[in-house]
Amino acid sequence: MPKITYLAHDGTKFEVDAENGSTVMENAIKNSVPGIEAECGGACACATCHVYVDEAWTEKTGSPEAMEEDMLDFAYDVQPTSRLSCQIKVTDDLDGLVVKVPERQA
Amino acid sequence: MSDKSNSIAETDVVIIGAGPVGLFAVFELGLLDLKCHLIDILDRPGGQCAELYPEKPIYDIPAWPEISGQGLTDRLMEQIAPFDPVFHFNRMVAGVEKQDDGSFIVTTDEDEKIKAKVVVIAAGGGSFQPKRPPVPGIEAFEDTSVFYSVRRTEEFKGHDLLIIGGGDSALDWTLNLLPIANSVTLLHRRDAFRAAPDSVNKMKALVEKGDMSLQLGQVTGLNGSDGQIESANVKTSDGDIVDVKCTRILPFFGLTMKLGPIADWGLNLNENLVSVDTEKFATNEPGIFAIGDINTYPGKLKLILSGFHEAALMAHAAKKHIDPDERIVFQYTTSSTKLQKKLGV
Ligand SMILES: Cc1cc2nc3c(=O)[nH]c(=O)nc-3n(C[C@H](O)[C@H](O)[C@H](O)COP(=O)(O)OP(=O)(O)OC[C@H]3O[C@@H](n4cnc5c(N)ncnc54)[C@H](O)[C@@H]3O)c2cc1C
Ligand code: FES
């Protein structure tokens, strides 16, 4: 199973095994990573699952689709590496992925 | 739509919330000859389905393998049309007061009053309210310099406005307030807008002519004192911080749901949800029922399908509450000519 590392805002590291096909948000919630709220349950309708993808991984995770970009408008301190974690699907390609949790959600 | 005369309208049932469950309740109550008024803070029906996911598919509505949030809302509106429900949009229900005769007076934030024999709370996750953008210290300026909606355009006359957002609200108010403001700056994260292309083009033409400014970036801080804003720190896409002068800010960051005044009506609550029984979906206050996402009971599932079931049982209990002596004959819409007459089929 691919491994994902979440860096919480206070620096705490969470390393989790993620199933292929699940989303980066779902694995954060399942493992109680602090700072990921995911109010809408993954429907790309709340922007409270915002993460920064580690620079080394941005190419592999790809860029947000139009709907996700629209939703990112509501997030806090959006950066070029910003993504909504419910829109990133886990695949073998993402084994080792590192994402950072922002200071706060919208 | 209601007028603003504070007049007392009278009806059988007031439904608080025009989400899918409130809408379907009109149907079930209508079959039992009960007339409904619905009140919602949104400007249209559909609740979460219309506001949060109009275009996304729902897969668990019985007999609809796939239907969008807006599609479901449209079908419900069609289904309840024979019962002529009266809608009061853009209104928050502020109070519910029991009268000596057991009826209720429901009051809106515009101080309109509606008298009803039964009140049905179908308030979902609470009333939709503008989201506060995550800018540190913004609370100190709210209602003096920072406004989340425009109630009276007069408030903005002669001011230096900073409007934040890229959706229709932001663009519409930019265009509407420009003629009366001293200056207008529209701030958005990126050079792509969710708003209707027509308004975006109009805005860009005004920027071109020098009538207003467009700034790309995000607000990181606010400056001012005693609730009077003087400027906003804006982080541009290049990472620079610029200072944008302004005396009024209008942020449009979407909507979130808050329980609101329902908490003050003396109802038994459990973690911000209204406790009901599973026979009548009645609250602890006789004559007030609660259905859909707003209620809670052992085994509750926040599904549209469950809300529909709750609406049917509630309607029969509401009818009994209003006419305790009338015998309700159970009938099918397929075979009852009486029900079909009500439906106009
Ligand atoms: C992204 C997303 C996807 C979903 N997918 C599904 C799905 O696939 N299947 C499913 O069954 N469910 C789904 N749901 C849940 C479903 O949308 C809700 O269960 C449903 O909307 C509840 O309906 P409701 O009528 O009880 O409340 P709501 O839809 O929440 O409507 C309540 C209305 O009441 C209004 N209101 C509240 N208080 C007041 C007040 N004081 N004054 C005036 N107005 C007020 C609100 O403004 C709102 O419009 C989903 C939800 C979301 C967010
Ligand atoms: S969980 Fe709501 S947008 Fe990702």
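Here, every reference points to the structure presented above.
Scoring rules and cut-offs
- Residues numbered from 1 in each chain as written.
- Chains lettered and ligands numbered in written order.
- Predicted model: local features only at pLDDT ≥ 70, side-chain atom pairs only at ≥ 80, totals over all residues.
- Heavy atoms only, no water.
- Helix = DSSP H or I, 4+ residues; strand = E, 2+ residues; numbered from the N terminus.
- Buried < 20%, exposed > 50% of the residue type's maximum accessible area, 1.4 Å probe, protein only.
- Contact = heavy atoms within 4.5 Å.
- Areas by Shrake-Rupley, 256 points an atom, 1.4 Å probe, with all protein chains shown as cover.
- Lys, Arg positive; Asp, Glu negative; His and termini not counted.
- Charge placed at Lys NZ, Arg CZ, Asp CG, Glu CD.
- Pairing = 2+ DSSP bridges.
- Expected span 1.5 Å × (residues − 1).
- Axes fitted to C-alpha atoms, helices over the stretch in contact; angles between N-to-C directions.
- Salt bridge = Lys/Arg side-chain N within 4 Å of Asp/Glu carboxyl O.
- Buried area = accessible area lost by both parts, 1.4 Å probe.
- Nonpolar A, V, L, I, M, F, W, Y, C, P; charged D, E, K, R; others polar.
- Near = heavy atom within 4 Å.
- Polar contact = N/O pair within 3.5 Å; in protein donor to acceptor, adjacent residues only side chain to side chain.

Counting its secondary structure elements, chain A contains three helices and five strands. Shown N-terminal to C-terminal, the secondary structure of chain A runs as helices and strands in the order β-β-α-β-α-α-β-β. C-alpha extents for chain A along the principal axes are approximately 30 × 25 × 25 Å. For chain A, the proportion of its 106 residues judged to be buried stands at 49%. Here the analysis covers contacts within chain A between residues at least 6 apart in sequence; of these, 63% occur between residues at least 24 apart. In the form shown here, chain A has an accessible surface area of approximately 5100 Å², with 45% of it arising from carbon and sulfur atoms. Taking the average location of the 8 positive side-chain charges in chain A and that of its 20 negative ones, the two points are 5 Å from each other.

Moving on, we come to the sheet that holds strand β17 (residues 269–270) of chain B. All names here are of chain B. Strand order in the open sheet formed by three strands is β17-β18-β20, with mixed pairing between adjacent strands. Both outer strands of the open sheet, β17 and β20 (295–296), are each paired with one neighbouring strand and no more. As paired elements, strand β18 (residues 273–275) and β20 share two bridges and run parallel to each other. Paired with Val274 across the bridge in β20 is Asn295.

Let us look at helix α3 (residues 69–80) of chain B. Residue and element names in this part refer to chain B. Between its terminal C-alpha atoms α3 stretches 17 Å, which fits the 16 Å expected from twelve residues at 1.5 Å a residue. Taken as a whole, α3 has its buried residues at Gly69, Gly71, Leu72, Thr73, Leu76 and Ile80. Buried-residue contacts for α3 involve α1 (20–31), α2 (47–51), β3 (57–58), β4 (67–68), β5 (86–88) and α6 (304–322).

Attention now goes to the sheet that holds strand β15 (residues 248–251) of chain B. Residues and elements named next belong to chain B. Pairing within the open sheet is mixed, and its six strands lie in the order β14-β13-β12-β11-β10-β15. The strands lining the two open edges of the sheet, one partner per strand, are β14 (241–245) and β15. Across the sheet, the axes of successive neighbouring strands diverge by a mean angle of 35 degrees, strand direction being ignored. Examined bridge by bridge, strand β13 (residues 228–236) and β14 share five bridges and lie antiparallel to one another. Residue Lys235 lies in a different strand from β14, and its bridge partner there is Ile241. The strands touched by helix α4 (residues 168–177) within the sheet are β10 (160–164), β11 (183–188) and β15, with β10 carrying the most contacts at an inclination of about 160 degrees.

With that settled, the discussion passes to the pattern of salt bridges. Scanning the model with the defined rule gives 29 salt bridges over all chains in all. Taking the shortest distance from any N to any O, the salt bridge between Glu139 of chain B and Arg132 of chain B comes out at 3.6 Å. We classify Glu139 of chain B as partly exposed; its relative accessible area is 43%. Within the structure, one salt-bridge network assembled from shared partners comprises Glu69, Asp70 and Asp73 of chain A together with Arg189, Arg190 and Arg194 of chain B.

Further remarks concern the environment of Ile16 of chain B. Residue and element names in this part refer to chain B. For Ile16, the position within the fold is in strand β1 (residues 8–16). Spatially, the C-alpha atoms of Ile16 and Asp33 are 19 Å apart, while their sequence positions differ by 17 residues. Among all residues touching Ile16, those that are not within four sequence positions of it are Ile39, Val93, Val96, Val119, Val120, Ile121, Ala122, Ala123 and Trp265.

Attention now moves to the interface of chain A and chain B. Taken together, the contact between chain A and chain B spans 18 residues of the former and 14 residues of the latter. With both sides pooled, the region where chain A packs onto chain B buries about 1500 Å², and carbon together with sulfur makes up 48% of that total. Here the residues of the side of chain A that touches chain B sort into eleven nonpolar, two polar and five charged.

Moving on: the environment of Phe156 of chain B. Residues and elements named next belong to chain B. Positionally, Phe156 belongs in the loop between β9 (127–130) and β10. Separated by 34 residues in sequence, Phe156 and Ala122 place their C-alpha atoms 35 Å apart. Non-local contacts of Phe156, meaning those with residues more than four positions away in its chain, are made with Phe147, Val150, Leu161, Leu177, Ile180, Ala181, Arg248 and Leu250.

Attention now moves to the site of ligand 1. Close to ligand 1 lie 33 residues, the nearest being Asp40, Gln48, Tyr53, Asp60 and Asp293 of chain B. Nearby residues place ligand 1 at the junction of chains A and B. At a separation of 2.6 Å, an oxygen atom of ligand 1 approaches a polar side-chain atom of Tyr53 of chain B. Taking Ile304 of chain B, its main chain carries an N or O atom lying 2.9 Å from an oxygen atom of ligand 1. Taking 1000 Å² as the accessible area of ligand 1 by itself, protein coverage stands at 91%. Those elements that provide at least two residues to the shell around ligand 1 are α1, α2 and β9 of chain B.

Turning next to the pairing of strand β3 (residues 50–53) of chain A. All names here are of chain A. Covered by surrounding structure in β3 are His50 and Tyr52 together with Val51 and Val53, the residues of both alternating faces. Sheet topology places β3 next to strand β4 (residues 82–84); three bridges connect them, and they run antiparallel. Within β4, the residue paired with Val51 across the bridge is Arg83. In this sheet, strand β5 (residues 97–100) lies alongside β3 in antiparallel orientation, the contact comprising two bridges. By the bridge assignment, Val53 is partnered in β5 with Val99.

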